[in-house]
Amino acid sequence: MKKTLAIALGFIVSAPAFANDVVNIYSFRQPFLIQPILDDFTKQTGIKTNVVFAKKGLIERVKREGKHSKADLVLTSNFSALIQLEDLNLTQTINSTNVNANVPSAFRDGDGQWVALTKRVRNVYSSKDRLGALPKLTYEELADPKYKGQICTRSGKHPYNLGLVASMIAHHGEAQTKTWLEGMKANLARKPQGNDRAQVKAVKEGLCNLALGNSYYLGKMLQDEEQKAWAEAVHINFPNQTDRGSHINVSGAVITKYAKNPENALKLIEYMTDNKAQNMYASLNMEYPVKPGVQLSSLVASWGSFKEDSLPLDEISKYRPLALKLIDEVKFDL
Amino acid sequence: MTYKFKLSKWQLFAWSTGLVLSAPLFFLLFESLQGNSEVFSHLWDTVLWDYISNTVLLILGVCALSSVIALPLGWLTAYCNFPGKKHFEWALMLPLAMPTYIIAYVYTDLLDYAGPVQITLREWFGWQSPSDYWFFDIRTLPGAIVMIALVLYPYLFLIFKTALREQSFKLVQASQLMGLSPTKSFFKVSLVLSRGSIVAALALISMETMADFATVSYFAVSTLTTAVYDTWFGYYSLTAAAKISGVMLLLLFLALMAERFSRRNQAVFERQSGVNSEALYILKGKSAWLATAFCGTVLLVSFVIPIAVLLNYAITYFEKAWSAEFFNYAWQSLKVAGVVSVITIALGVFVVFYQRIATQSYPLVPGRLASTGYALPGTVLAIAVLLPLTLLESSINNVLEPYNLDIGLLLTGSVFTIVIAYVVRFYAIAHGAIESSFVRISPSLDMASQSMGKSQGQTLRLVHLPLLRRGLLTAALLVFIECMKELPAALLLRPFNFESLATHVFQYVSDEQLELASISALSIVIVGFIPLYFINRSMEQHT
């Protein structure tokens, strides 16, 4: 019995070999979104990339692994995760003049603990047939009774929506945001469900006329044969152009505190913030590059330029727990 | 006579298994005592009651629907003859190989407003918009109940059928002689005699339902699992999340204890060791047709339709969905599933055997302790497993430090952790299946063996194991298939570059693009067929 067990264990425990020229990544982003960029990085530098992808729990894993963690870099899909990593003291300073030159200061941490890689706008999609373009639309208006039964969204607790609600608190305070959430909930066409794509689909189907969604989803949908028809049924609006500008979220990266290959991690971040990778983010994933002057994909460019909400991300992030509380209080998802 | 405390090797083994497998839970509960309860009380004041009622309704609904599907199926295939029975007997287990989130995804695609069903209806009746007609919404609590029951009923089917087969036919024959109709005999004899097995199966189904996150979140049904994830990832409070997990487990234990208490004075033993394969009732005419139709409908809805949709995706998206890495993914899945099945079965046999022979107090506790992992949501379990393992690693590293040595993340940086997590999670399945077979072996056999001078170990090997063959195969099959499907723990705990079929599927499902992972999804189901086929064949042959 003991022998069998020993053989069985020996069979499965095969320690992976780690060469020196590697960078080990924990990623919240799906591999198929970042693989082309990582492949090109390997081609350019000869540094191999190893990835563990998960949607939940990676931060806890880094924390528990402590100083033996094999992760050199964490890639996130929203700013709250970046700031949480910093708050938990799991990051180290990204010290690079290249990165500082590539990324405007609004999109990196003041102490260099994290850096944004791409920007995404929290847009409001409107039905082309039933509402048309709404250039003056504001997030505040989503609570206006004139849109009763017309709005679709994913769960209020998704990081993208939490970010938006946190920014509303930052601008308007707790009480007013709660009233706004109640108004928006009363306007919902259905219980929050699905992802951002599913909301666009629902507009196409006629279930609702307005949908919250990130900018790049529309681009990705237009590339998909089946989803093209959904995407063509909506108009993309950039809210609050007449005042503070649209809410921005970011994907980003940190170098972990106990990184075993910090130089390689830094090289990867430098690569990811530079022209080529920024261009790939724009053309393949339809995201907005953080580096100024990098060309947008022609589709994204066709949506026109817009004003961004300039409130710093770590300022917004402070209100995230409160945002979640308010969403529970108004039972937004129930 | 003086009482002398003596620790037998069986007791030692059973208790160590129980304690080791429940260690993650204790670490989690310890975690829940840290920190403050502000988040918890906020939830209590706002949404917690909605979550609790949704959870209770979900579990009751899934148990009820699974029973309505599985009990008649089990009885029909065990005792009756009707057209197609031979095929249904194994085919009705197939949905087990289907991950719940996949069936949920497929049916949402089929049945929602833009799906083919509603489009066809609109064409037929000339409806224009959603306000012109009513159609049930699948993304609801009832929808989730149906989806989960469709993939979990095979637990009950399999365990109930095995129980019926191992039961003495004489009682059913006696009921026949006394003039009970087949229906009455089903309710008054078969159900009553198999109550222990049925409850064991329903307990498994409840725990699995409780731990589900993918399906309920896809259907936007908020349950206690939602609360666990919200508190952890939204409020960044693992302690509050641990507290809620604790409440969930407590509720489940109370329910199980109440059931056990209610049948404290009952025992059912096997009087003959043979297994019955000939049919008691030959169904003819309308009833035969009805039986076939019932089995056929269940199979169609729970398996044939989802597979057809997946096949359709796979063909349409073949170019984008094919990857040469599939064999590698499948191999990783098979390897882990195989190892975990062997370990859980081995542990299960010894622990259940201890329950049987124990003369000490609390013989059931080790098994109960070891089974706790099953009700924890996957990601929570994953972290719970990391707690003791990382602590162990860092203690070892601290000891070695003066000698300039360290083992790094020898455990948590390898597949070892995934295996441990699966053993912790799926031990309950093995235990349940083995226990329900073990209790039907009459103690008189043990006494006979003892009177012939055989030791306890010899009794286990020579008397029990041969009689348990069927139960062990069932248990191994269930654990194997669960491992193939399992996602959250594998996702979070895997080492670099470890990709199994399930993790490959997830990266696309998480973006609601199952089409692109349809080939992997089909592979999960097909790889599940293989053990199903062999185990079924071996069960048939040795009757």
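Rules behind the numbers
What you see as residue numbers is a count from 1 along each chain, following the sequence as written. By the order in which they are written, chains take letters starting at A while ligands take numbers starting at 1. Side-chain atom pairs in this predicted model are given and counted only at pLDDT of 80 or more, local residue features only at pLDDT of at least 70, and totals for whole chains, interfaces and linings cover all residues. Helix and strand labels come from DSSP, where a helix needs a run of H or I of at least four residues and a strand needs a run of E of at least two; each type is numbered from the N terminus. Atoms counted for the radius of gyration: C-alpha only. Globule rule: 2.2 Å times residue count to the power 0.38. Neighbour counting defines burial: a residue surrounded by 20 or more other C-beta atoms within 10 Å of its own C-beta is buried, one with 12 or fewer is exposed, and intermediate counts give partly exposed, using backbone-placed C-beta atoms. Two residues qualify as a contact pair if the distance between their C-beta atoms, derived from the backbone, is within 7 Å. Residue ranges assigned to the domains are those given by an automatic or database domain assignment. Classification used: nonpolar for Ala, Val, Leu, Ile, Met, Phe, Trp, Tyr, Cys and Pro, charged for Asp, Glu, Lys and Arg, polar for all others including Gly. A residue's pLDDT is the confidence the predictor assigns to it, expressed on a 0 to 100 scale. Should DSSP find at least two bridges between two strands, the strands are regarded as paired.

### Notes on the overall build of chain B
So, step 1. From N to C terminus, chain B includes 24 helices and 2 strands.
So, step 2. Since a compact globule built from 543 residues should have a radius of gyration of about 24 Å, the 24 Å found for chain B is in line with a globular shape.
So, step 3. Classification of the 543 residues of chain B by burial places 49% in the buried group.
So, step 4. Within chain B, contacts between residues separated by at least 24 positions form 83% of all contacts whose residues are at least 6 apart in sequence.

### Description of the overall build of chain A
So, step 1. For chain A, the count of helices and strands is 15 helices and 10 strands.
So, step 2. A globule of 334 residues ought to have a C-alpha radius of gyration of about 20 Å, and chain A, at 21 Å, matches this closely.
So, step 3. Principal-axis analysis of the C-alpha atoms places the extent of chain A at approximately 70 × 55 × 40 Å.
So, step 4. When contacts within chain A are restricted to residue pairs at least 6 apart in sequence, long-range pairs at least 24 apart make up 78% of them.

### Considerations on the domain arrangement of chain A
All names here are of chain A.
So, step 1. The domains assigned to chain A are domain 1 (2-119 + 248-301) and domain 2 (121-247 + 308-329).
So, step 2. Centre-to-centre separation of domain 1 and domain 2, based on C-alpha positions: 28 Å.
So, step 3. The partner domain 2 presents 20 residues to the 14 residues of domain 1 that form the contact.
So, step 4. Elements supplying a minimum of two residues to the side of domain 1 that touches domain 2: α4 (79-87), β9 (248-256) and α13 (298-302).
So, step 5. Split by residue class, the side of domain 1 that touches domain 2 holds 8 nonpolar, 5 polar and 1 charged.

### Describing helix α8 (residues 196-205) of chain A
All names here are of chain A.
So, step 1. In terms of burial, α8 is a largely internal element, 9 of the 10 residues being buried.
So, step 2. Residues D196, R197, A198, Q199, V200, K201, A202, V203 and K204 constitute the buried set of α8.
So, step 3. Looking at the buried residues of α8, the elements they touch are β5 (115-127), β6 (151-152), β7 (210-214), α9 (215-222), α10 (225-232) and β8 (234-237).

### Here we look at the confidence of the model for chain B
So, step 1. On average, residues of chain B score 84 in pLDDT, and 93% of them reach the 70 mark or higher.
So, step 2. Both scores are given for the predicted complex: the pTM is 0.85, the ipTM 0.79.

### Some points on the confidence of the model for chain A
Residues and elements named next belong to chain A.
So, step 1. Confidence in the prediction for chain A averages 90 pLDDT; 94% of positions are at 70 or higher.
So, step 2. Mean pLDDT across the elements of chain A bottoms out in helix α1 (residues 2-12) (49) and peaks in helix α7 (residues 174-187) (97).
So, step 3. Counting interchain partners and residues more than four positions distant, the pLDDT-below-50 stretch residues 8-19 has 17 contacts.

### Describing the domain arrangement of chain B
All names here are of chain B.
So, step 1. Along its sequence, chain B is organised into domain 1 (38-96 + 139-315) and domain 2 (317-543).
So, step 2. Each of domain 1 and domain 2 has a C-alpha centre, and these two points are 20 Å apart.
So, step 3. Between domain 1 and domain 2, the residue contacts involve 39 residues of the former and 38 residues of the latter.
So, step 4. Mapped by element, the contributors of at least two residues to the side of domain 1 that touches domain 2 are α7 (141-166), α10 (195-211), α12 (224-234), α13 (238-262) and α14 (285-316).
So, step 5. If one sorts the elements of the side of domain 1 that touches domain 2 by residue count, α10 sits on top with 8 residues.
So, step 6. Partitioning the side of domain 1 that touches domain 2 into residue classes produces 29 nonpolar, 7 polar and 3 charged.

### Thoughts on the interface of chain A and chain B
So, step 1. Counting residues at the interface gives 47 residues for chain A and 49 residues for chain B.
So, step 2. Put simply, the parts of the chain that give the side of chain A that touches chain B at least two residues each are α1, α2 (31-45), β2 (48-53), α3 (58-65), α8 and α15 (320-329) of chain A.
So, step 3. Considering each element in turn, the side of chain A that touches chain B owes the most residues, 5 residues, to α15(A).
So, step 4. Within the side of chain A that touches chain B, the residues separate by chemical class into 18 nonpolar, 12 polar and 17 charged.

### Things to note about unusual backbone geometry
So, step 1. With phi around 50 degrees, K331(A) is a residue other than glycine that occupies positive phi space.
So, step 2. The residue K331(A) is located in the segment after α15 in this model.

### As for the environment of Y281(B)
So, step 1. The topology assignment puts Y281(B) in strand β2 (residues 281-282).
So, step 2. Not counting chain neighbours up to four residues away, the residues in contact with Y281(B) comprise Y79(B), C80(B) and P182(B).

### Topic: the pairing of β9(A)
Residue and element names in this part refer to chain A.
So, step 1. The element β9 is largely enclosed, with a buried count of 9 among its 9 residues.
So, step 2. As paired elements, strand β4 (residues 91-92) and β9 share 2 bridges and run antiparallel to each other. Bridge assignment links T91 to a residue of β9, and that residue is T256.
So, step 3. The pairing of β5 with β9 spans 6 bridges and is antiparallel. For A116, the partnering residue across the bridge sits in β9 and is G252.

### Some words on the environment of V103(A)
Residue and element names in this part refer to chain A.
So, step 1. You can see V103 is positioned in the loop between α5 (97-102) and β5.
So, step 2. On the basis of neighbour counts, which here come to 25 C-beta atoms within 10 Å, the residue V103 falls in the buried class.
So, step 3. Spatially, the C-alpha atom of V103 lies 10.0 Å from that of E270, the residues being 167 residues apart in sequence.
So, step 4. With residues near it in sequence (within four places) discarded, V103 still touches R108, V115, A116, T273, V290 and K291.

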